Protein chains: 2
Amino acid sequence: MSSDRQRQILEAAVRVIAHSGVRGLRVEKLSAEAGVSTALIYYHFGDRAGLMRKTLEFVNERAGRYTHEAMEIGKDPREQLELLLLLELQDTPAVRENSAAWGELRASAVFNPDLREPLSTSTRGWVDDLAAMIRQAQAAGLAAARADPLDVAERLTALVEGVSERWLSGSMTLERARELVEGAVIAELGEGSSHVPRDGSAGPA
Amino acid sequence: MSSDRQRQILEAAVRVIAHSGVRGLRVEKLSAEAGVSTALIYYHFGDRAGLMRKTLEFVNERAGRYTHEAMEIGKDPREQLELLLLLELQDTPAVRENSAAWGELRASAVFNPDLREPLSTSTRGWVDDLAAMIRQAQAAGLAAARADPLDVAERLTALVEGVSERWLSGSMTLERARELVEGAVIAELGEGSSHVPRDGSAGPA
DNA sequence: GCCCACCGACTGAAGATTCAGTCAAGGTGT
DNA sequence: ACACCTTGACTGAATCTTCAGTCGGTGGGC
């Protein structure tokens, strides 16, 4: 199924999308990037739309992989949770590519109903993962118990998408983006360091 | 300068972008929508890129107008602030158009450096307006004093962009989006109702 | 000898941009 | 008041470009 060749093409597709956007994806450019003929792309994916769909799946899958790697670095739930969010905000080629492609795909989905369903599904996956971590963190006394995990998860992921887009569109530095997300986690779940939520007036000045 | 004609074309451009995206903006479609010839568009804007630039300015300006209207509805700063955020999340044609166009333009800026600067400028404008309101709210004892106004403003606006994009791309309902933003305001500034922040363990169960 | 993965060259359509003017409004010299 | 010129707004149709998608064919493993 997903032969080497398909993977090779999809990897190239993500690279091209990250670099020129969905709208800038020219089948010919893609074929050059992947080092194959244009015809082969049609052979494997049928048409442009089919290619997009597969690319989206591919991006999700790759992102999922990062995610699960993150979850296995034994840290405590609160740290894991932060890691999971900050993962999307790094300036390594792989992450930048994924983030950019993700943003593009989401933007395209506004006008292309075909992309909506897979997009929603994987958004939900991400949100649910995060919500689960929040619950764990709460159970471990590392997060404000009063916060609704699903609400918080949805907010934090949406925030990450928002700052990520600002970063990529040059309205914000990466450092600032990360800082803001960290601050949001604190605002939503309280100072995580040691004990419980009720951060109240505990903070410095 | 901005003759009637230009305004007419730009209004049509926003409509077309909101409906088919920047990617879907065909000069011919635009000319039909605006009821003028394609050539006139080139006459006024030079080329496609020039058109985009002017459209972005136009969207900003229009958004600014909403904003300032919002600020004049005498409510208290805390209410104003919420209003300013929620303004972008309404299902009226005007707002939907503006939001969709805004999202598209931001997404385009990732690949089109020309758009970056005006985009940053007007993002900053929005953020600063919000930060000012937060300061007022704090001064009036309606918001947690410990929150850094600029951080919070940047987070809340980015969150609005994030949920807005999810709404437009069909991953979230409008109601949910509004609810989440309201929740974020509370998480960042505390229960606003009466007195200060230190909401602490005050909330119900 | 047939099927699968694959390629180079091509096409048709869609779109962006340009061109060669038309038209009405505002001088200007007489 | 009136011919005449200029200019800015505007158009229809042609032209130049860019693409997605197709076709006929090739090689190599079985």
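On a predicted model such as this, the values are computed, not experimentally measured, just so you know. (Residues numbered from 1 in each chain as written. Chains lettered and ligands numbered in written order. Predicted model: local features only at pLDDT ≥ 70, side-chain atom pairs only at ≥ 80, totals over all residues. Heavy atoms only, no water.)

Some remarks on the protein's contact with DNA strand D
Applicable threshold: A cutoff of 4 Å decides nearness: a residue is near a molecule or strand if any of its heavy atoms lies inside that distance of it. Throughout this description, a polar contact denotes any pair of N or O atoms lying within 3.5 Å of each other; where both atoms belong to protein, one of them has to be capable of donating a hydrogen while the other can accept it, and for residues adjacent in sequence the pair is counted only when both atoms sit in side chains. Strands here are runs of E lasting at least two residues and helices are runs of H or I lasting at least four, both read from the DSSP assignment and numbered beginning at the N terminus. Residues are grouped as follows: nonpolar covers Ala, Val, Leu, Ile, Met, Phe, Trp, Tyr, Cys and Pro; charged covers Asp, Glu, Lys and Arg; every other residue, Gly included, is treated as polar.
Around DNA strand D, 16 residues are found, and the nearest of them are Arg26(A), Tyr42(A), Arg48(A), Arg5(B) and Tyr43(B). Atoms of DNA strand D within 4 Å of the protein: sugar and phosphate make up 67%, bases the balance. Arg48(A) places a polar main-chain atom, nitrogen or oxygen, 2.9 Å from a phosphate oxygen of DNA strand D. Take His44(B): an N or O atom from its side chain is 2.9 Å from a phosphate oxygen of DNA strand D. Looking at the surface near DNA strand D, the elements with two or more residues in it are helix H3 (38–45) of chain A together with helix H3 (38–45) of chain B. Ranked by the residues each element gives to the surface near DNA strand D, the list is headed by H3(B), at five residues. Split by residue class, the surface near DNA strand D holds eight nonpolar, four polar and four charged.

With respect to the layout of surface pockets
This is how the line gets drawn: Here a cavity is any set of points on a 1 Å grid over the protein atoms alone where a 1.4 Å probe fits but cannot get out, and a pocket is any open set with protein on both sides within 12 Å along at least 5 of 7 lines; a residue lines the site when it has an atom within 4 Å of a point. Grid points are joined across faces, edges and corners, and a volume is the space filled by probe spheres set on the points.
Reported here for the second largest pocket is a volume of approximately 890 Å³. Along its surface, the second largest pocket is lined by 45 residues, and Glu161(A), Gly162(A), Glu165(A), Glu161(B) and Gly162(B) are the ones closest to its centre. For the lining of the second largest pocket, the secondary structure elements donating two or more residues are helix H4 (48–71), helix H6 (93–109), helix H7 (113–139) and helix H8 (149–168) of chain A together with helix H4 (48–71), helix H6 (93–109), helix H7 (113–139) and helix H8 (149–168) of chain B.

Some points on the protein's contact with DNA strand C
Neighbouring DNA strand C are 14 residues, the closest being Arg5(A), Tyr43(A), His44(A), Arg26(B) and Tyr42(B). Near the protein, within 4 Å, the atoms of DNA strand C are sugar or phosphate in 70% of cases. Backbone polar atom of Ser37(A) to a phosphate oxygen of DNA strand C: 3.2 Å apart, as the coordinates give it. Between DNA strand C and Tyr43(A), the relevant distance is 2.3 Å, taken from a phosphate oxygen to a side-chain nitrogen or oxygen of the residue. Listed by contribution, the elements that provide at least two residues to the surface near DNA strand C are H3 of chain A together with H3 of chain B. It is H3(A) that contributes the most residues to the surface near DNA strand C, five residues altogether.

A word on the UniProt feature "domain: HTH tetR-type" (unreviewed entry) in chain A
For clarity, the cut-off: UniProt positions are given in the numbering used here, feature names are shortened, and annotations may be inferred rather than shown by experiment.
As annotated in UniProt, the feature "domain: HTH tetR-type" (unreviewed entry) corresponds to residues 3–63 of chain A in the numbering used here. For residues 3–63 of chain A, helix accounts for 80% and strand for 0%, while the C-alpha atoms at its two ends are 20 Å apart.

Remarks on the relation of the copies chain A and chain B
Threshold: All copies are superposed by least squares; the fitting set is the C-alpha atoms of residues with a pLDDT of at least 70 in both. Two residues qualify as a contact provided that any one of their heavy atoms is within 4.5 Å of a heavy atom in the partner residue.
Expressed as a screw transformation, the operator carrying chain A onto chain B has a rotation angle of 179° and an axial translation of 0.0 Å, and the superposed copies differ by an RMSD of 0.1 Å. Interpreted geometrically, this transformation is the action of a two-fold axis. A shared interface surface links the copies, since 100% of the contact residues of chain A are contact residues in chain B too.

Concerning empty space enclosed by the protein
Enumeration over the complete set of coordinates arrives at two cavities of 30 Å³ or more. Taken as a whole, the largest cavity encloses approximately 80 Å³ of empty space. As for the largest cavity, its lining consists of Arg155(A), Leu156(A), Leu159(A), Ala184(A), Glu188(A), Arg155(B), Leu156(B), Leu159(B), Ala184(B) and Glu188(B). Of all the secondary-structure elements, those providing two or more residues to the lining of the largest cavity are H8 and helix H9 (174–189) of chain A together with H8 and helix H9 (174–189) of chain B. Residues of the lining of the largest cavity, tallied by class, amount to six nonpolar, no polar and four charged. Roughly 40 Å³ of volume is contained in the second largest cavity. As for the second largest cavity, its lining consists of Ala107(A), Val110(A), Phe111(A), Ala100(B), Gly103(B), Glu104(B), Glu165(B) and Leu168(B). Secondary-structure elements contributing two or more residues to the lining of the second largest cavity are H6 and H8 of chain B. By residue number, the principal contributor to the lining of the second largest cavity is H6(B), which donates three residues.

Thoughts on the UniProt feature "DNA-binding region" (unreviewed entry) in chain A
As annotated by UniProt and renumbered to match this structure, "DNA-binding region" (unreviewed entry) occupies residues 26–45 of chain A. Regarding residues 26–45 of chain A, the helix share stands at 80% and the strand share at 0%, and the terminal C-alpha atoms are separated by 14 Å.

A closer look at the packing of helix H1 (residues 4–20) of chain B against H3(B)
Residue and element names in this part refer to chain B. The condition that has to hold: For helices, the fitted axis covers only the stretch in contact; all axes are lines through C-alpha atoms, and the angles between them, taken along N-to-C directions, range from 0 to 180 degrees. What sets the label is the angle itself: under 35 degrees gives roughly parallel, over 145 gives roughly antiparallel, 65 to 115 gives roughly perpendicular, and the rest give oblique. By convention the crossing between two helices is left-handed if the near helix lies anticlockwise of the far one by an angle smaller than a right angle, and right-handed if it lies clockwise.
Interaxial distance between H1 and H3 falls to 11 Å at its minimum, and their mutual angle equals 110°. Judged on the interaxial angle alone, H3 and H1 are roughly perpendicular. Judged by the sense of rotation from one axis to the other, the crossing of H1 with H3 is left-handed. For the pair formed by H1 and H3, the contact residues are Arg5, Gln6, Ile9 and Leu10 on the first element and Leu40, Ile41, His44 and Phe45 on the second. Per-class residue counts for the contact of H1 with H3 are five nonpolar, two polar and one charged.

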